[in-house]
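Each chain, letter by letter, is given below.
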Amino acid sequence: MKDAAPKTIYLKDYTPFGYVVESVYLTFRLAPTSTRVVSRIRFAPNPDATDKTFFLHGEELSLMWATIDGAEVAPEITDTGLRCAVPDAPFTWEAEVEISPQTNTALEGLYMSNGMYCTQCEAEGFRKITYYPDRPDVMSTFTVRVEGDENVKLSNGNPVDSGDGWAEWHDPWPKPAYLFALVAGDLVNHPDTFTTMSGKKVELNIWVRPGDEGKCAFGMEALKKSMTWDEKVYGREYDLDIFNIVAVDDFNMGAMENKGLNVFNSSCVLSSPETSTDDNFERIEAIIAHEYFHNWTGNRITCRDWFQLCLKEGLTVFRDAQFTADMRSEPVKRISDVIDLRARQFPEDQGPLSHPVRPESFQEINNFYTATIYEKGAEVIGMLKTLVGDDAYSRALDLYFDRHDGQACTIEDWLAVFEDTTGRDLGQFKLWYSQSGTPRVKVSEDWKDGVYTLTFKQHTPPTPGQDVKDPKVIPIAVGLLTPNGDESVPTQVLEMTEAEQSFTFDGLASKPVPSILRGFSAPIVLEREVSREERVFLVAHDTDAFNRWEANRNLCRDSLVATVRDGAPHDDAWIDALERVVRDDSLDPDFRQLMLAGPSQSELAQVLFDQGVTPDPDAIWRASDSLRHHIATRWQGWLEDAMQSMRVTDAYSPDADQTGKRALGGKLLSLQTCLDNGAMAQKQYDSADNMTLQLSAFAQLLVSGNGEAATKAFYDQWKDDRLVMDKWFGLQVGMAKPDVAVDVAKDLVAHPAFDMGNPNRFRAVMGGMAMNHAGFHRKDGAGYAFLADWLIKLDDKNPQTTARMCSVFQTWKRYDGDRQALIKAQLERIKAKPNLSRDTDEMISRILG
């Protein structure tokens, strides 16, 4: 039942568990609706704890029996766990519970996916498996015996023994319960091996359902690249005899770093040129790296409590970004990360869901697996590295691993290794962890007698629970250019520590053109009055790839905003400057395609709102569509030839070179479609030999209004491939004209292949609807009502996915009064649902404020 008053948990109230767990032995007797779990756990009093209450978490469990040192006990059982009197000395707890994996639609704990048993225990899923102190600071070694008819039975660590109908595993490395994993099913493996830098041979496997074994090769290569990279860059060697990955169709997240047994959403590990796009390949490579890197930054060293979640996630996101930059293109990766940060984290930081990188409180921890924790957390790591330098960063990480291996740590532990390594006081820098909101930095300049002065003023707007913010440490990377485009002052990092601060550059022959916040050196909003001419100059001459892209994006933004606000014509001077970049074959095609990617319609809505203008989603869509057609018309003399030059004749590879060419070709195809109404797209669709080309052509056919035949052909070709069908569902609603997007989505959820219980399929349609900005914000409120209907339906089955999807409403207060009223009515309708889950209730309450 719905809690009358959900309990709020506070960081300040942390106390250690009263008992140390010395060892855990679990036996699973698998059955779809009646799995038995027998636990034998050795406890001892914790000398560091003052509260000796013996409370074990447990939810949706049927307790068969329990003993302490062999004597039967009758614990007090509640909805959230059990309490029991225990000896003031080491003792052995034993218990047996029954659970029903088959009916576990929340996909937390032990559940079934297409006949396969699998687990998801982060953050608090283990308590749905057996009674245990389910908190990250309780770490122990695990031995697990799995009994069942399935041909493959896996758990954490190394295999110990097996026989007819059973297998036993032992993990020698202490871990918290959230890293526990079990998988059992009729699976096949894609095997390989890896030899570590110390010469140890490690067995590698990717386990899949029969029929998917041909989609594992790229994932395996990505794993081996990750292992090599972590040894080379961080000196981290793998520490078990075996590393297993399992692909699971029904999974709430992307993947999970369980020690030695990573469980992956199928979409994040299975790939082939025919079924996966270039973006899919890059995402798979990054996620496999992310989960592998967790072996040290998350597993060997974990977080003391869930308030420290950014300690493992922010650091590991930063590490996987470094990896992708090394594997592909550093400038392209950086620009892509900033696009994602601004699209997902900035709105979060500026709205009702804003929270610090290390929150002070929560009701449901699942709601804090956010862009702030992950992406902003990674930005904080990047700033720290910028401030201390590469060498000091490396030495601090070595100290971190040496000092805290096998521990559950805090942000204070993390910062202390940098202070001890460098001698710096990081007290002010720590504000990045405790203060929410995106700092806004206003820049002014002065030029006199060869001296150039930049003055910065920082201010962080109020956020929920935090009205006044102290100045942060902000690293601002700056370079100066001469009027002819040469670099007069190469990049240097200005360390801003005060609310207002000036920096001077002397000995200059002429007034420079500043290039500020190079590489996006801090996650801030930079406010500076810049002329169109200066931005065009930076597009042509800036030596920093990010700022060159930024100047172009701002020109595009300003042109679109002027069209929306005043009906102004599109900026042809900027379009001509952009043309020179797009046609410059000396530049990376991937960088050029990013230059063609203007701001999203949601981003434009925020820009207008910040300017005091109520955004009109329909006007924004019309301006964006008009600009695309205008550019196409202006460039029509060379578009086809440029597309031809981007065609790849070699055998398909998802490497950076081919990926960039196909991406630029796809952007040019979008423009060409404005001219030929999809004729070129149809040719590409008919001849495509890989999913990247086929899907980009399909998208443009949908945009042109001539996609009916391709929609049927695509379905007929791929109806038996579940991951490709997710693309089919998502693309139709995402590319639909705004006035019919809701109708398209309604047709799709009525399709026999739609399954709301599968998170990938649900997100494909609902996420596509939300991404269709004008369609979702249709003036009659149909988009809001459609999404609310389905969130209400899903909440009983899968609260975690429901709650996360609620975030699409977080920007509701920037729109007009009629739309606000329509959204508020839907939010209140969701909140009034009987037995609304704790997850969704917290999210809706925060959004409503």
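Our subject is the structure that appears above.
Residues numbered from 1 in each chain as written. Predicted model: local features only at pLDDT ≥ 70, side-chain atom pairs only at ≥ 80, totals over all residues. Heavy atoms only, no water.

Of regular secondary structure, the protein chain possesses 27 helices and 31 strands. A globule of 849 residues ought to have a C-alpha radius of gyration of about 29 Å, and the protein chain, at 27 Å, matches this closely. If one aligns the C-alpha atoms of the protein chain with their principal axes, the spans along those axes are about 85 × 65 × 60 Å. Here the protein chain holds 849 residues, and 60% of them are scored as buried. For the protein chain, the proportion of contacts with a sequence separation of at least 24, taken over those separated by at least 6, is 70%. Summing over all exposed atoms, the protein chain offers an accessible surface of approximately 32,100 Å²; the carbon and sulfur share of this is 48%. Looking at charge distribution, the protein chain has the averaged site of its 89 positive side-chain charges lying 3 Å from that of its 130 negative ones. (Helix = DSSP H or I, 4+ residues; strand = E, 2+ residues; numbered from the N terminus. Rg over C-alpha atoms; globule rule 2.2 N^0.38 Å. Buried < 20%, exposed > 50% of the residue type's maximum accessible area, 1.4 Å probe, protein only. Contact = heavy atoms within 4.5 Å. Areas by Shrake-Rupley, 256 points an atom, 1.4 Å probe, with all protein chains shown as cover. Lys, Arg positive; Asp, Glu negative; His and termini not counted. Charge placed at Lys NZ, Arg CZ, Asp CG, Glu CD.)

With that out of the way, let us pick up the side chain of Glu168. Assignment of secondary structure puts Glu168 in strand E15 (residues 166-175). Although Glu168 is buried, it forms no salt bridge, and the closest oppositely charged side chain is Arg145 at an N-O distance of 4.4 Å. Within the local environment of Glu168, its side chain forms a polar contact with the side chain of Tyr25, the two groups lying 2.7 Å apart. Once residues within four sequence positions are removed from consideration, Glu168 is found in contact with Tyr25, Thr143, Val144, Arg145, Asn158, Pro159, Val160 and Asp161. (Salt bridge = Lys/Arg side-chain N within 4 Å of Asp/Glu carboxyl O. Polar contact = N/O pair within 3.5 Å; in protein donor to acceptor, adjacent residues only side chain to side chain.)

Let us now look at the sheet that holds strand E27 (residues 474-481). Reading across the sheet, the three strands line up as E28-E27-E30 and stay open at both edges, with antiparallel pairing between neighbours. What marks the edges here is a single partner per strand, and that holds for strand E28 (487-496) and strand E30 (513-516). Shown here is a sheet whose adjacent strand axes are inclined to one another by a mean of 25 degrees, direction ignored. Taken together, the four bridges between E27 and E30 define a ladder with antiparallel strand orientation. Bridging across to E30, Gly479 finds its partner in Ser515. (Pairing = 2+ DSSP bridges. Axes fitted to C-alpha atoms, helices over the stretch in contact; angles between N-to-C directions.)

Within this structure, the stated rule accounts for 70 salt bridges. Among the salt bridges present, the one from Asp69 reaches Arg42, with a minimum N-O distance of 4.0 Å. Separated by 27 residues along the polypeptide, Asp69 in the loop between strand E5 (62-68) and strand E6 (71-72) and Arg42 in strand E3 (residues 35-45) bring together distant segments of the chain. You can call Arg42 partly exposed: its relative accessible area is 28%. Measuring nitrogen to oxygen at the nearest pair gives 3.6 Å for the salt bridge that ties Lys833 to Asp795. Here Lys833 is found in the loop between helix H26 (817-831) and helix H27 (838-848), whereas its partner Asp795 is found in helix H24 (residues 782-795), with 38 residues between them in sequence.

A word on the pairing of E15. Across seven bridges, strand E12 (residues 140-147) lies against E15 in antiparallel orientation. From the neighbouring strand, Thr143 faces E15, where its bridge partner is His170. Summarising the sheet, strand E14 (residues 158-163) and E15 pair through five bridges and their orientation is antiparallel. What sits directly across from Pro159, in E15, is Trp169. Connecting the antiparallel pair E14 and E15 is a turn made up of two residues, with Gly165 showing a positive phi of about 85 degrees.

All right, on to the packing of helix H13 (residues 601-610) against helix H14 (residues 617-634) then. Working note: a packed helix pair is described by the angle between its axes plus the distance between those axes. Remark: H13 packs on H14, axes separated minimally by 10 Å, with the N-to-C direction vectors making an angle of 120 degrees. By the angle between their axes, H13 is oblique relative to H14. In this structure, the crossing between H13 and H14 has a hand that is right-handed. Where H13 abuts H14, its residues Gln601, Leu604, Ala605 and Leu608 lie against Pro617, Ile620, Trp621 and Ser624. For the contact of H13 with H14, the residue count by class is six nonpolar, two polar and no charged. (Parallel < 35°, antiparallel > 145°, perpendicular 65-115°, else oblique. Left-handed = near helix turned anticlockwise from the far one by under 90°. Nonpolar A, V, L, I, M, F, W, Y, C, P; charged D, E, K, R; others polar.)

Within the sequence span of helix H19 (residues 708-718), burial applies to Ala710, Thr711, Phe714 and Trp718. Each buried residue of H19 lies within a common arc of 105 degrees when the element is viewed along its axis, so the set occupies one face. Of the residues in H19, the exposed ones pointing more than 90 degrees away from the buried face are Glu708, Ala709 and Lys712. Those residues of H19 that are buried lie in contact with helix H17 (679-687), helix H18 (691-704) and helix H20 (722-734). (Arc of directions from axis to C-beta.)

For the rest of this paragraph, the subject is helix H22 (residues 759-771). Taking 1.5 Å per residue, 13 residues should reach 18 Å; H22 reaches 17 Å between its end C-alpha atoms and fits that length. Most of H22 is tucked away, with 11 of its 13 residues classed as buried. Taken as a whole, H22 has its buried residues at Pro759, Asn760, Arg761, Phe762, Ala764, Val765, Met766, Gly767, Gly768, Met769 and Ala770. On its buried face, H22 is in contact with strand E21 (261-265), H20, helix H21 (741-749), helix H23 (773-776), H24 and helix H25 (799-805). (Expected span 1.5 Å × (residues − 1).)

In this structure, Leu526 sits in strand E31 (residues 525-527). Expressed as a C-alpha distance, the spacing of Leu526 and Thr543, which sit 17 residues apart in the sequence, is 19 Å.

Let's shift gears to the environment of Val24. As for its position among the elements, Val24 is in strand E2 (residues 19-29). Between the C-alpha atoms of Val24 and Ala785, which are 761 residues apart in sequence, the distance is 48 Å. The residues touching Val24, leaving out its near neighbours within four places in the chain, are Arg40, Ile41, Tyr132, Ser140, Thr141, Phe142 and Thr143.

Here the amide bond leading from Glu122 into Ala123 is cis, since omega sits at 5 degrees, within 30 degrees of zero. One non-glycine residue, Phe520, adopts positive backbone phi at about 50 degrees. In this fold, Phe520 is placed in the loop between E30 and E31. Given the relative accessible area of 1%, Phe520 is considered buried. A positive phi angle, close to 60 degrees, is found at Asn677, a residue other than glycine. Here Asn677 is to be found in the loop between helix H16 (656-676) and H17. Assessed through its relative accessible area of 46%, Asn677 is described here as partly exposed.

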